[in-house]
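# A structural walkthrough
Here is what each chain is made of, one letter per residue.
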Amino acid sequence: MSWVTGTNSAAGLCYVSQHLFKFKTHHFCSKKCFLSSFTSSSLPPLSISSFKLTVVGSSKRCSRLFCNSSISTATTNTNYEFYDGPSDVELRLPLGNQDIQTARNVSVDADGTSLTVRVQSDGSFNTLIETNNLFEKIKPSETIWYIDDDELVINLKKQDPDLKWPDIVESWESLTAGSMQLLKGTSIYIVGDSTEINQKVARELAVGLGYTPLDTQELLETFAKQKIDSWVLEEGFDSVAEAESSVLESLSSHARAVVSTLGGKHGAAGRSDKWKHLYAGLTVWLSQTEAIDEDSAKEEARRHVRDGNVAYSNADVVVKLQGWDADYAKSVAQASLSALKQLILSDKKLPDRKSLYIRLGCRGDWPNIKPPGWNPSAEMERI
């Protein structure tokens, strides 16, 4: 599977080649251990030609920066012990019956978000672990390793000492567990071109995070006692968008929810004047594209954000999909969560500002929140 994943609201853009994998981890908990043990398994195989994904941060509150760092995943099958510490993480790899004569028989290559460990035994090198998708960035120059009985112990220094690592690699399991400390209960809104895609990706995110799944289509149809399509035929797109805007207002005070919204012309999110309550949460724009390569996807994303003629460009993260298959909704959800993680790491006060925005009544002053008592209606009258 191929995708592009973004970093933050500064619109970091990085190409990813994902080689799906399966491995088992054993977490032997001490006081430093963040999570209990779990088993990480791969998603179904996915061909490059059938599905591509681009994630671009698009918030207007920061200057834009594009990067080209590769963070593709390739993790060998291995058992290991993992410990999360205050400023570093420790990885213990069993050496088994391998006869390690000297330190020269061990190769530990760490670089930013990658780690490769090989040992030479009986004249050949064996790979103990190989990944270029560590949970977060490390300081490679401060990597320390040593042999302890029949284990190779590797100490990796975190670039962000405040971030707890659920596991050594970034996976669906580690992302859903590790994002809780970052989100701080902030809700997530899924917006974009397709109601179906919004719903399926939102459902995966809600299950993974343990959030409440909310679906504006379901809420609207229950209230109106008719399908959205018939509603549009009877009263038009504007009526449906106005009704969804009212639903979003009632949902804006909810915490720990993943909200899927109506796609395309049907919904409030497609209209720039209806975003007042969407700003209450972190928004992910899922957008289908005909771009055939990474450069085209980059340019398309830049153009949409620059032109400002697409209301979805208000979103915190933009995810572009070439093709769609519902079986891979979890892949899209994982990419979205990875980008949201980087977004919050670039602006750790973001969840608190979202909370303040809600407490002040979602007045439409995002991201430049006005003091209490600010009256948007009075300001419009002066204009």
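Placed above this text is the structure.
Residues numbered from 1 in each chain as written. Predicted model: local features only at pLDDT ≥ 70, side-chain atom pairs only at ≥ 80, totals over all residues. Heavy atoms only, no water.

## Remarks on the sheet that holds strand 11 (residues 144-148)
Spatially, 6-7-12-11 is the arrangement adopted by the four strands of the open sheet, whose pairing is antiparallel. Taken across any chain shown, the strands that pair with only one partner, and hence form the sheet edges, are strand 6 (81-84) and strand 11. Within the sheet, the average angular offset between the axes of one strand and its neighbour, ignoring direction, is 15°. Looking at chain direction, strand 7 (residues 88-94) and strand 12 (residues 151-157) are connected through seven bridges and run antiparallel. (Pairing = 2+ DSSP bridges. Helix = DSSP H or I, 4+ residues; strand = E, 2+ residues; numbered from the N terminus. Axes fitted to C-alpha atoms, helices over the stretch in contact; angles between N-to-C directions.)

## Here we look at the pairing of strand 16 (residues 282-288)
Within strand 16, six of the seven residues are buried, which leaves it mostly tucked inside the rest of the structure. When strand 16 meets strand 17 (residues 317-322), the two strands line up parallel, connected through five bridges. Bridge pairing in strand 17 places V284 opposite V317. (Buried < 20%, exposed > 50% of the residue type's maximum accessible area, 1.4 Å probe, protein only.)

## Comments concerning the packing of aromatic side chains
Taken as a whole and judged by the stated rule, the model has four aromatic pairs. Plain terms: the ring middles of F135 and W165 are 6.0 Å apart, the flat faces sit at 55° to each other, and that makes the pair tilted. Taken as a pair, F135 in the loop between strand 10 (124-131) and strand 11 and W165 in the loop between strand 12 and helix 1 (172-178) lie far apart in primary sequence, 30 residues in all. Note on accessibility: F135 and W165 belong to one class, buried. Taking 5.6 Å as the distance between ring centres and 50° as the angle between the ring planes, the aromatic pair formed by W275 and Y279 counts as tilted. Across this residue pair, the class does not change: W275 and Y279 are buried. One cation-aromatic arrangement involves K320 over W285; the distance from NZ or CZ to the ring centre is 5.2 Å. Lying over the aromatic face of W366, K354 brings its terminal NZ or CZ to 4.2 Å of the ring centre. (Phe/Tyr/Trp six-rings, centres within 6.5 Å; stacked < 30°, edge-to-face > 60°. Lys NZ or Arg CZ within 6 Å of the ring centre and 35° of its normal.)

## Some remarks on the environment of S187
Along the polypeptide, S187 turns up in the loop between helix 2 (180-183) and strand 13 (188-192). For S187 and A280, which are 93 residues apart along the polypeptide, the C-alpha to C-alpha distance reads 7.7 Å. In contact with S187, other than residues within four places in its own chain, are Y211, H254, A255, R256, A257, G281 and L282. (Contact = heavy atoms within 4.5 Å.)

## Notes on the sheet that holds strand 8 (residues 106-111)
As a general point, the strands of a sheet are linked pairwise by backbone hydrogen bonds and lie either parallel or antiparallel. If you walk across this open sheet you meet the three strands as 8-9-10, and the pairing is antiparallel. Two strands in the sheet have a free side with no partner beyond their single neighbour: strand 8 and strand 10. Strand-to-strand twist in this sheet, taken as the mean axis angle between neighbours without regard to direction, amounts to 15°. Here strand 9 (residues 114-121) runs beside strand 10; their pairing, made up of seven bridges, is antiparallel. The residue of strand 10 that forms the bridge with T116 is E130.

## Examining the packing of helix 5 (residues 228-235) against helix 6 (residues 237-251)
At a closest axis distance of 7 Å, the pairing of helix 5 and helix 6 adopts a crossing angle of 125°. Considering their axes alone, helix 5 and helix 6 lie oblique with respect to each other. For the pair formed by helix 5 and helix 6, the contact residues are I228, W231, V232 and E235 on the first element and F237, S239, V240 and A243 on the second. Of the residues contributing to the contact of helix 5 with helix 6, the split by class is six nonpolar, one polar and one charged. (Parallel < 35°, antiparallel > 145°, perpendicular 65-115°, else oblique. Nonpolar A, V, L, I, M, F, W, Y, C, P; charged D, E, K, R; others polar.)

Any functional reading would require information beyond the geometric quantities listed.
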